[in-house]
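Here is how the chains run, residue by residue.
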Amino acid sequence: MSLTTTDTTLSATPSPKRAAGSTPGRSAAPNDVAPATAHSGVATFAHLIPKLEEYLTPAELKKVKEAYRFADEMHLGQMRKSGEPYISHPLAVAEICAEWKLDAQAMMAAFLHDVMEDQGVKKEELIERFGASVASLVDGLSKLDKIEFQSQVEAQAENFRKMLLAMARDVRVILVKLADRLHNMRTLGSMPPEKKRRIARETMEVYVPIAHRLGLNNIYRELQELSFAHLYPLRHRTLFKAVKAARGNRREVVTKIMESVTSTLIAAGIPAQVDGREKTLYGIYRKMRNKHLSFSQVLDVYGFRVVVDSFANCYVALGTLHSLFKPMPGKFKDYIAIPKLNGYQSLHTTLIGPYGTPVEFQIRTSDMHRVAESGVAAHWLYKDDEGSLTDLQQRTHAWLQSLLDIQKQTGDSAEFLEHVKVDLFPDSVYVFTPKSKIIALPRGATALDFAYSIHTDIGDQTTSAIINHEPAPLRSELHNGDIVEIITSPTSRPSPNWLGYVRTGKARSAIRHRLRTANRIESQAVGRRLLGNALHTLGIEPELPSHIVERLLNESSAKTMEDLYAEIGIGTRMAPLVARHIMTMMDTGLSVPQLDPEGHMLPNKPDPVVITGSEGASAQLSPCCMPIPGDRLTGYLKPDQTLIVHTQECETAKRLHEKEPDRWIELAWGHDLNRRFDCRITILIHNERGTLARIAAEIGESDANIVSVSMDDEGGNASMKYLRFTIQVEDRVHLARTMRGIRKIDSVARILRERG
């Protein structure tokens with residue numbers, strides 16, 4: 001077994017060429033990167049020829065050579081920071097693409113992917129030389145350097161939108177792009193620390209989830225490791241040293257498990273290849289952070305992969321392993337019967353191995369293993385002339401098509417990118433229609449997300465939902481195995497409140513699109529009145545000077561004041577926040593100045609923004625601290641003017657406040673809040689029969705509502721359990737009354753409210 005790590009101490013002589021201001025939305029600027037010694041760029045085309053000859057025809061290989069010669073000519077004299085000829089980068093990208101056996105057009109695009117952007121080659125010239133398909137691929141891979149944007153964020157979002165839409169039309173765009181990003185991440189060593197972190201963060205937020213969504217697990221893991229190494233170099237080095245030191249101590253246990261498993265499978269007549277799996281450094285770091293585990297606790301779990309020869313033997317091998325070691329209850333997942341969204345198939349089980357150590361097994365066939373490692377590139381979409389698309393191809397096709405649907409309904413690039421990021425969640429839940437069709441949704445999706453996943457018109461006309469044959473609210477979170485039925489009415493229309501609890505990008509973009517187009521005149525009137533009232537409260541006349549209007553529109557996504565009024569009217573912006581922003585843009589506040597006892601002018605401090613919890617998408621209660629009425633509030637204003645509401649005691653809010661103190665505003669709860677609010681409580685109990693039922697009954701008697709409940713052992717002590725409830729209460733007084741009632745139960749040892 002081996003662990004792939006990244007050398008974070010690489011260096012090279014920097015070049016002044018293009019050293020500053022690389023445009024976001026693409027990989028690191030070519031001349032901004034230095035080569036890693038382990039992955040230095042190739043210098044000639046010759047060593048690629050045997051690999052390409054394996055699957056390309058002589059005519060196709062000739063065209064690829066022509067593309068290489070053209071790229072070499074165009075990049076002549078252009079150097080990388082290392083002093084290497086720049087052509088070494090396209091060659092390295094092409095080498096990665098050849099591993100996936102991409103077709104001739106994609107290989108040509110790999111060589112040509114920077115000629116439009118760096119050398120000013122026109123698309124028309126590429127069409128004339130190499131054909132429209134290759135030119136389209138190269139265009140999809142090129143940045144929008146010639147367009148002026150209001151901000152770096154807008155430029156980055158627009159570049160991503162261009163790339164993702166090109167990907168939706170032709171998946172080869174993202175395959176070449178991922179190869180490009182992978183080589184640039186491998187050669188990121190000598191960048192300035194801040195730029196290195198920015199590129200690594202961009203990779204982690206966009207390219208890593210795309211690679212995962214397409215099932216490209218090898219690239220997914222390597223990009224994740226490289227991003228981790230550049231974002232947190234000290235943590236990466238520390239973990240690397242710890243894993244290296246611990247590996248020798250684990251060898252005896254790993255060997256014993258391998259020998260036991262191999263001999264047992266041979267005795268059962270099952271041909272199999274058994275390999276040990278070591279966790280990646282980022283996987284170890286994420287598990288330690290998310291589950292608050294020590295390094296030794298994470299490393300005490302051993303992982304093995306069993307690759308068998310047939311579908312049936314997957315289940316036979318599972319039974320054989322269960323007879324060898326005892327399975328841990330609740331730790332079995334069948335991703336063969338219900339594959340993941342990215343096509344991944346495998347049986348997962350956790351057993352109690354020698355010395356009482358947990359041992360994780362993945363069992364799959366060789367075909368499943370190939371898809372698990374290479375995803376859509378294993379049987380990619382352009383090899384469909386032999387028959388119909390596979391399930392993986394159909395799912396990928398459907399997701400790519402959904403990008404085009406979101407684009408049609410989205411107002412701007414930043415909103416489009418926000419919706420796409422939401423849909424790149426790696427975790428999924430699988431639910432059923434009444435006709436037993438399986439629908440995969442991101443974890444946390446609601447019944448309303450399910451409705452929009454069926455069809456936009458069904459989502460728009462939804463009135464109620466039935467989950468597992470019982471009526472349920474549209475905001476109900478779905479769980480694996482739920483049977484969901486949607487009730488519609490032709491007269492039903494989306495509500496702004498829906499934006500507060502849908503999770504998928506498709507649902508969010510469809511609702512916003514419908515709200516934008518429906519009752520626009522009425523929304524403008526409502527928004528004008530709300531903004532006027534908010535300005536009047538701050539002592540500002542509603543008729544704004546023209547230079548303030550111009551600045552306000554430049555800093556928002558609205559093209560006219562009518563658009564801004566409409567956004568306020570439908571609830572995507574809050575009038576008090578817009579009014580406060582206007583006040584900061586004016587030379588002086590127009591309200592009457594306040595003086596201290598000595599006659600000095602006091603700073604003009606506006607009243608807190610009032611929160612009711614029903615603002616929809618314009619104000620969101622943070623899930624980390626779950627504010628409820630009675631908590632002291634503070635608000636973080638995102639660049640898109642969305643307000644995130646935290647409690648003042650929230651540790652996450654305190655950390656963010658240190659980084660961006662200017663984006664925080666004072667908030668207060670409104671009066672007459674006619675709704676309930678989610679909060680989390682943790683209860684330590686003696687594990688006695690009926691305790692859970694008594695606690696649930698007490699919560700019901702206190703007029704609170706249970707949203708979810710989970711149970712964990714207390715430090716491995718079977719006699720003590722942690723119960724974690726998410727409940728809905730009216731305010732802090734209601735919560736305190738509920739907790740007092742629970743505390744009186746004899747088997748309850750401790751109860752507290754979770755703050756994050």
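Conventions we followed
Residues numbered from 1 in each chain as written. Predicted model: local features only at pLDDT ≥ 70, side-chain atom pairs only at ≥ 80, totals over all residues. Heavy atoms only, no water. Helix = DSSP H or I, 4+ residues; strand = E, 2+ residues; numbered from the N terminus. Buried < 20%, exposed > 50% of the residue type's maximum accessible area, 1.4 Å probe, protein only. Contact = heavy atoms within 4.5 Å. Areas by Shrake-Rupley, 256 points an atom, 1.4 Å probe, with all protein chains shown as cover. Axes fitted to C-alpha atoms, helices over the stretch in contact; angles between N-to-C directions. Parallel < 35°, antiparallel > 145°, perpendicular 65-115°, else oblique. Nonpolar A, V, L, I, M, F, W, Y, C, P; charged D, E, K, R; others polar. Salt bridge = Lys/Arg side-chain N within 4 Å of Asp/Glu carboxyl O. Core = buried A, V, L, I, M, F, W, Y, C linked by side-chain atoms within 4.5 Å. pLDDT = per-residue confidence, 0-100. Pairing = 2+ DSSP bridges. Polar contact = N/O pair within 3.5 Å; in protein donor to acceptor, adjacent residues only side chain to side chain. Phe/Tyr/Trp six-rings, centres within 6.5 Å; stacked < 30°, edge-to-face > 60°.

Novice: Got a minute to help me understand the overall build of the protein chain in this structure?
Specialist: The helix and strand inventory of the protein chain stands at 28 helices and 21 strands. Taking all 756 residues of the protein chain together, the buried fraction comes to 51%. Contacts in the protein chain between residues far apart in sequence, at least 24 positions, make up 69% of those at least 6 positions apart. A total of about 36100 Å² of accessible surface is found on the protein chain, and carbon and sulfur atoms cover 52% of it.

Novice: Would you take a moment to explain the packing of helix H2 (residues 58-74) against helix H4 (residues 104-112) for this structure?
Specialist: For the pair H2 and H4, the least separation of the axes is 8 Å and the interaxial angle reads 10 degrees. One way to sum up the angle between H2 and H4 is to call them roughly parallel. Listed contacts from H4 to Glu60, Lys63, Val64, Ala67, Tyr68, Phe70 and Ala71 of H2 are Ala104, Met107, Met108, Phe111 and Leu112. Taken together, the residues that form the contact of H2 with H4 break down as 10 nonpolar, no polar and two charged.

Novice: Which parts of the structure should I look at to understand the pattern of salt bridges?
Specialist: A side chain of one charge can pair with a side chain of the opposite charge when the charged atoms of the two come close. All chains considered together, the criterion is met by 19 salt bridges. Among the ionic pairs, Lys177 bridges to Asp180, the shortest N-O distance being 3.7 Å. In this pair, Lys177 and Asp180 both sit in helix H9 (residues 172-186), three residues apart, roughly one turn of the helix. The residues Lys177 and Asp180 share a single accessibility class, namely buried. The closest approach of N and O atoms between Arg676 and Glu730, which form a salt bridge, is 3.6 Å. Linking Arg676 in the loop between strand E17 (664-669) and strand E18 (677-686) with Glu730 in the loop between strand E20 (717-729) and helix H28 (732-743), this pair joins segments that are 54 residues apart in sequence. Using a relative accessible area of 26% as the deciding quantity, one classes Arg676 as partly exposed.

Novice: Where do I start with the nonpolar core in this structure?
Specialist: In globular proteins that are soluble, nonpolar side chains generally tend to be buried together. Among the nonpolar cores identified, the biggest contains 73 residues, and Phe45, Leu52, Val64, Met107, Phe111, Leu112 and Leu126 are the most heavily contacted of them. Apart from the residues lying within four places of it in its own chain, the contact partners of Leu112 are Ala67, Phe70, Ala71, Leu126, Phe130, Val134 and Val138. Counting residues in hydrophobic clusters, the runner-up holds 31 residues, among them Ala619, Val645, Leu723 and Ile727.

Novice: Looking at this structure, I do not really get the confidence of the model for the protein chain. What am I missing?
Specialist: Any residue range with low pLDDT should be treated as having predicted coordinates unsuitable for detailed reading. This prediction gives the protein chain a mean pLDDT of 76; 76% of its residues lie at or above 70. Ranking the helices and strands of the protein chain by mean pLDDT puts H28 first, with 93, and strand E12 (residues 601-602) last, with 45. Confidence drops under pLDDT 50 across residues 378-389; counting only partners more than four residues distant or on other chains, this segment forms 23 contacts.

Novice: Explain the sheet that holds strand E1 (residues 272-277) here, please?
Specialist: In sheet architecture, strand pairing relies on hydrogen bonds along the backbone and comes in two forms, parallel and antiparallel. Sheet architecture is open: five strands sit in the order E1-E2-E5-E4-E3, paired in mixed fashion. Bordering the open sheet on either side are E1 and strand E3 (326-334), each of which pairs with just one other strand. Shown here is a sheet whose adjacent strand axes are inclined to one another by a mean of 20 degrees, direction ignored. Pairing of E1 with strand E2 (residues 302-308) involves six bridges; the strand directions are antiparallel. Its bridge partner being in E2, Ala272 is matched across the sheet by Val308. The strands touched by helix H15 (residues 311-324) are E2, E3, strand E4 (347-352) and strand E5 (358-365); relative to E5, the strand with the most contacts, the crossing angle is about 160 degrees.

Novice: Just to check I follow, could you spell out unusual backbone geometry for this structure?
Specialist: Trans peptide bonds make up the majority, and among non-glycine residues the majority have a negative phi. If you check the backbone angles, His469 has positive phi at about 70 degrees while not being a glycine. Its location among the elements puts His469 in the loop between strand E8 (462-467) and strand E9 (470-472).

Novice: Just checking my understanding: could you explain the side chain of Gln728 for this structure?
Specialist: Relative to the assigned elements, Gln728 resides in strand E20. Judged by its relative accessible area of 18%, Gln728 is buried. Among the polar contacts made by the side chain of Gln728, one reaches the side chain of Asp678 at a distance of 3.1 Å.

Novice: Explain the packing of aromatic side chains to me, please; I cannot follow it from the model alone.
Specialist: Each aromatic ring pair is specified by the distance between its two centres and by the angle formed by the two planes. In total, this model carries 11 aromatic pairs according to the counting rule given. Relative to Tyr285, the ring of Tyr282 has its centre 6.2 Å away and its plane inclined at 45 degrees; by these criteria the two rings are tilted. With Tyr282 and Tyr285 both in helix H13 (residues 281-291) and three residues apart, the pair spans about one turn of that helix. Across the pair, exposure class does not vary: Tyr282 and Tyr285 are buried alike. Geometrically, the ring pair formed by Tyr636 and Trp664 is tilted, given 5.3 Å between the ring centres and 45 degrees between the ring planes. Here the residue Tyr636 occupies a position in strand E15 (residues 633-637), and Trp664 occupies one in strand E17, the gap between them amounting to 28 residues. One aromatic cluster is present, built from ring pairs that chain together Phe228, Tyr232, Tyr282 and Tyr285.

Novice: Help me understand the pairing of E4, please; the structure alone is not making it clear to me.
Specialist: When a strand is regular, its side chains alternate between the sheet's two faces. With five of its six residues buried, E4 lies for the most part within the structure. Pairing between E3 and E4: five bridges, direction antiparallel. Counterpart to Lys333 in the pairing with E4 is His348. Here six bridges tie E4 to E5, and the two strands are oriented antiparallel to one another. Bridge pairing in E5 places His348 opposite Gln362.

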